[in-house]
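Coordinate inspection notes
Listed here are the chains, written in short residue letters.
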2 protein chains.
Amino acid sequence: MKFSSKIEKCGLSPIRKFHPCMVAAEAKGRKVHHLNIGQPDIETPEAFFDAVQNFGETVLAYAPSPGVGTYVEAVRDYYTCLGFPITCDDILATYGGSEALQIVLPCILDDGDEILVPEPYYPNYETFVNITGAVIRPIETSPEEGYRYASRERIESLINERTRAILVTNPGNPTGVVLRPEEMRILADIAREHGLFLISDEVYRELVYGGQKPGSMLEFEDAAENVVVVDSVSKRFSATGSRVGVLISRNRELMAQAMKICQGRLCAATLDQVGAAALYRTMTPEYYVNLRAEYQRRRDAVVEGLSKIPGVRFNSPEGAFYLMVTLPVDDAEKLQYFLLEEFEDHGETVMYAPGEGFYATPGKGRNEIRIAYVTNPEDLTRSIELLGLGIQAYNAKNQ
Amino acid sequence: MKFSSKIEKCGLSPIRKFHPCMVAAEAKGRKVHHLNIGQPDIETPEAFFDAVQNFGETVLAYAPSPGVGTYVEAVRDYYTCLGFPITCDDILATYGGSEALQIVLPCILDDGDEILVPEPYYPNYETFVNITGAVIRPIETSPEEGYRYASRERIESLINERTRAILVTNPGNPTGVVLRPEEMRILADIAREHGLFLISDEVYRELVYGGQKPGSMLEFEDAAENVVVVDSVSKRFSATGSRVGVLISRNRELMAQAMKICQGRLCAATLDQVGAAALYRTMTPEYYVNLRAEYQRRRDAVVEGLSKIPGVRFNSPEGAFYLMVTLPVDDAEKLQYFLLEEFEDHGETVMYAPGEGFYATPGKGRNEIRIAYVTNPEDLTRSIELLGLGIQAYNAKNQ
């Protein structure tokens, strides 16, 4: 039987591609260190579990389609405190940041439409866009330029009559790039001038290491009709399994369209929204300060380790908990197979996410990898050491 | 800015259309009885809340994309006990039955494709199909035939080169029709012979009142490649807010395609799956017997009440907790406005879901309504009494 042309264009997650090899390596008794996945080891604040335990209702009923009232209000207050005053009508509760994208993209993209996304990008964006029948038109970047993309000429040269939106992740996954105020301004201007939606995935907002204030595209009042923000409690509160996010926009017509899908799927999970509301309500400014400090320690451990490996090139990431690294090898996927199938040091080896899966442009990213620094600094130091030893062994074998 | 042609074709939920009028009626001090929504008042079994409270992990991490192992195994065992042996590989955990449809439909439907759905149908099917760019081709039924649709001639006459699937709800929402074994066989045969997917939404499976064994399209081994089952804990365990369902198919290629979307959105909520696993594990056969008996009492209360209203026509529903009723009025929407804006009996009035929103064919269902019998028998008896009094007052006014 036939499948849709849209699903045929989608692929399985490149980040999970090496899972079978990892299972085989572990079966041989190897300890595999993980630089490949974005699952932090930081404890979920107890406020979440407490709120869930104190739920108190005897019927676990549907939530309202736009979201549980206390959760939506908590999100509104969080943004207001950041200096971005929004109303509850600007917010729709979703199953994580993922569903926010799964809702907004079909509202604006038709078959053959184009959406601009700086590459390398989060690979699941491709699935969400392909399902609509539209295509990602990549905004190219380079490791040499530190993966920065917010130049007017570069972006405007890609806009045509089928362009509907620009989608950015800020702070960036997989690059760790944090947009500067003037870069954000350029993006907002381009969106406004060309009548495009500017979808800003800001799930890593609080994770910035340059002392700057956490930002949002909601800042630009003059682009209020264009800006759509995607957010989530997953990374901010180390609660990835709760699947609670939001879609935010002041564009009333867009929100009315999005509501059709929200009503169609009835609601996001009630109990998780109750827990998420408590997270926003009970977390103090110190919580965010400590969270940032912890990830900065992790970043510093990775950066220190990488700087000891000959031939490796990278920029110290400014935000999120990822970075792209250019390796002195021919092919990062081949190296990954080697690391899992042949290499070991004291019974240990390491995994990362090969870079090619983060690019739309064929051939790009072949000698790049994405590292997620979500474990403790000691483990990260050892993981990077293993990477260095593995590169050495791989290149020695292939000479 | 432009929205997609697909979202423009979608509408807001017809079931929620009268919400503002209800708010206004309540503001005037009216008590509004609800026959319009499918939110049962039955308590969620404590096993769900107990499992959630005993979760025990300190990090609420991503679940595996195909689902939490204990939940998937519990679903497998539930089906095996019903006589439908499936494996864990045939199961993908979803955010309720809704997401199972949001996953399978884009896997098989392209722009311009057609999917056959007996009308009247659950209105959200239209949103899920429209978003893919495909269209619902209704299999027509009539109140006179008790809304039965599983005739070979009727269905085959609608199949053309763009037909990809048949989607049925069994037991039926909004009709309460339960397919007979020979009707299920006909559907499976048609799907197999014409190379169509047969998507069977079986979330009301356990709610059958004719003493028959709860059925499933999984019964037909010879149509294993065609059959897709959608299921959920929402109605079975009165846990609509948990948003935990499954997509089931033995079609390996379909499941591989569906996995792309599952990986794209990462996972369904971890804690809710843990709770759902406990529901399946701890519910005894007596639980289902009692649940059925409770809804049967509710059905009987509605049927008894309706049979006292002159001019009303309906079939006693065989399953689920809905029925369609033909009213002796010109327009059920006008009656609904009258009931909320003008009518009252001892300060009380009643809401239902007008029938038109359940039909694709224009003009059909105008004098029909859907009733959901999800509250206690006493309340239902009073609700139906109010409906009768309201019809009388409405027709007296309009004579």
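Since we're looking at a predicted model, the values are computed, not measured. Every chain is numbered on its own, with residues counted from 1 as its sequence reads. All chains are assigned letters beginning at A, and all ligands numbers beginning at 1, according to the order in which they are written. For a predicted model such as this one, the threshold for reporting local features is a pLDDT of at least 70, and the threshold for listing and counting side-chain atom pairs is 80 or more; totals across whole chains, interfaces and linings nevertheless cover every residue. In computing side-chain properties, one takes all heavy atoms of the structure into account and sets aside hydrogens as well as water.

**Concerning the sheet that holds strand β8 (residues 245-249) of chain A**
Residue and element names in this part refer to chain A. Strand order across the open sheet formed by seven strands is β2-β8-β7-β6-β5-β3-β4, with mixed pairing between neighbours. At either margin of the open sheet sits one strand with a lone partner, and together these are β2 (91-94) and β4 (135-139). Pairwise comparison of adjacent strand axes, ignoring direction, gives a mean angle of 25° for this sheet. Think of it this way: DSSP has to see at least two bridges between two strands before they count as a pair. In this description a helix means any DSSP run of H or I spanning at least four residues, a strand means any run of E spanning at least two, and both kinds are numbered starting from the N terminus. Looking at chain direction, strand β3 (residues 114-118) and β4 are connected through five bridges and run parallel. Looking at the pairing, leucine 116 lines up with arginine 137 of β4. Axis definition: a line fitted to C-alpha atoms, over the contacting stretch in the case of helices. Angles run 0 to 180 degrees between N-to-C directions.

**Looking at the environment of methionine 1 of chain A**
Among the structural elements, methionine 1 of chain A can be located in the segment before α1 (5-9). Only protein chains enter the area calculation, which uses a 1.4 Å probe; residues under 20% of their type maximum are buried, those over 50% are exposed, and those in between are partly exposed. With relative accessibility at 37%, the residue methionine 1 of chain A sits in the partly exposed group.

**Some thoughts on the relation of the copies chain B and chain A**
The superposition of copies rests on a least-squares fit of C-alpha positions from residues with pLDDT of 70 or more in both. Superposing chain B onto chain A requires a rotation of 180° together with a translation of 0.0 Å along the rotation axis, leaving an RMSD of 0.0 Å. The transformation relating the two chain copies, once decomposed into turn and shift, fits a two-fold axis. Among all residues of chain B, the minimum C-alpha distance to the rotation axis is found for glutamine 53 of chain B, at 2.9 Å. In this assembly the copies share their binding face: 100% of the residues contributing to the interface of chain B also contribute to that of chain A. Only heavy atoms enter the contact rule, under which two residues are in contact if any of them lie within 4.5 Å.

**A word on the pattern of salt bridges**
Residue and element names in this part refer to chain A. Salt bridges are counted wherever a side-chain nitrogen of Lys or Arg sits within 4 Å of a carboxyl oxygen of Asp or Glu. Within the structure shown, the criterion is met by 74 salt bridges over all chains. Notably, a salt bridge pairs arginine 162 with aspartate 113, separated by 2.7 Å at the nearest N-O pair. One end of the pair, arginine 162, is in the loop between α7 (152-156) and β5 (163-169); the other, aspartate 113, is in the loop between α5 (96-108) and β3, with 49 residues separating them in the sequence. By relative accessible area, which is 1% here, aspartate 113 ends up buried.

**Some thoughts on the sheet that holds strand β4 (residues 135-139) of chain B**
All names here are of chain B. Across the sheet, which stays open at both edges, the seven strands sit in the order β2-β8-β7-β6-β5-β3-β4 with mixed pairing between neighbours. Bordering the open sheet on either side are β2 (91-94) and β4, each of which pairs with just one other strand. Between one strand axis and the next, the sheet turns through 25° on average, direction left out of account. Here helix α5 (residues 96-108) sits on the sheet in contact with β2, β3 (114-118), β5 (163-169), β6 (197-201), β7 (227-232) and β8 (245-249), set at roughly 155° to β7.

**What about the confidence of the model for chain A?**
In the predicted model, chain A carries a mean pLDDT of 96, and the fraction of residues at 70 or more is 100%. Among the scores for the predicted complex, ipTM is 0.96 and pTM is 0.97. The score called pLDDT rates the predictor's confidence residue by residue, from a low of 0 to a high of 100.

**Digging into the interface of chain B and chain A**
Each partner contributes residues to the interface: chain B has 78 residues there, and chain A has 78 residues. Of the roughly 6400 Å² buried at the junction of chain B and chain A (both faces included), carbon and sulfur atoms supply 56%. For the pair chain B and chain A, the interface holds two salt bridges. In this structure, lysine 6 of chain B and aspartate 111 of chain A form a salt bridge, with 2.8 Å as the shortest nitrogen-oxygen distance. Here the quantity called buried area is the total loss of accessible area, with a 1.4 Å probe, experienced by two parts when brought into contact, counted for both.

**Focus on the packing of aromatic side chains**
All names here are of chain A. Note on aromatic contacts: the rings of Phe and Tyr and the six-membered ring of Trp form a pair at centre separations within 6.5 Å, being stacked when their planes are under 30 degrees apart, edge-to-face when over 60 apart, and tilted otherwise. With the rule as written, the count across this model stands at 39 aromatic pairs over all chains. A ring pair is formed by tyrosine 78 and tyrosine 79, whose centres lie 5.1 Å apart and whose planes are at 90°; its orientation type is edge-to-face. Taken together, a centroid distance of 5.6 Å and an interplanar angle of 65° make the contact between phenylalanine 338 and tyrosine 394 edge-to-face. Of this pair, phenylalanine 338 sits in helix α12 (residues 332-341) while tyrosine 394 sits in helix α13 (residues 377-397); the two residues are 56 residues apart in sequence, bridging distant segments of the chain. Neither phenylalanine 338 nor tyrosine 394 differs from the other in exposure class; each is buried.

**Digging into the pairing of β5 of chain B**
Residue and element names in this part refer to chain B. Of all the seven residues making up β5, seven are buried; the element is thus mostly covered by neighbouring parts of the structure. Examined bridge by bridge, β3 and β5 share three bridges and lie parallel to one another. Paired with leucine 116 across the bridge in β5 is isoleucine 166. Judged from the five bridges that link them, β5 and β6 form a sheet pairing that is parallel. Looking at the pairing, isoleucine 166 lines up with leucine 198 of β6.

**Notes on α13 of chain A**
Residues and elements named next belong to chain A. Taking 1.5 Å of rise per residue, the 21 residues of α13 would be expected to cover 30 Å, and the 30 Å separating its terminal C-alpha atoms lies within 8% of that figure. Considered for burial, the residues of α13 that qualify are Pro377, Asp379, Leu380, Arg382, Ser383, Ile384, Leu386, Leu387, Gly388, Gly390, Ile391 and Tyr394. Against β1 (31-34), α11 (285-306), α12, β11 (348-351) and β13 (368-372) lie the buried residues of α13. Every helix has an expected span of 1.5 Å times one less than the residues it contains.

**Remarks on the side chain of aspartate 379 of chain B**
Residue and element names in this part refer to chain B. Turning to its location among the elements, aspartate 379 is positioned in helix α13 (residues 377-397). The buried charged residue aspartate 379 lacks any salt bridge, with lysine 31 as its nearest oppositely charged partner at 4.5 Å. Two N or O atoms form a polar contact when they lie within 3.5 Å of each other; inside protein one atom must be a possible hydrogen donor and the other a possible acceptor, and for residues adjacent in sequence the pair counts only when both atoms belong to side chains. A polar atom in the side chain of aspartate 379 sits 2.8 Å from the side chain of histidine 33. A distance of 3.2 Å separates polar atoms of two side chains, one belonging to aspartate 379 and the other to threonine 375. When near neighbours in sequence (up to four residues on either side) are disregarded, aspartate 379 contacts Lys31 and His33. Positive charges come from Lys and Arg, negative ones from Asp and Glu, while His and the chain ends are left out of the count.

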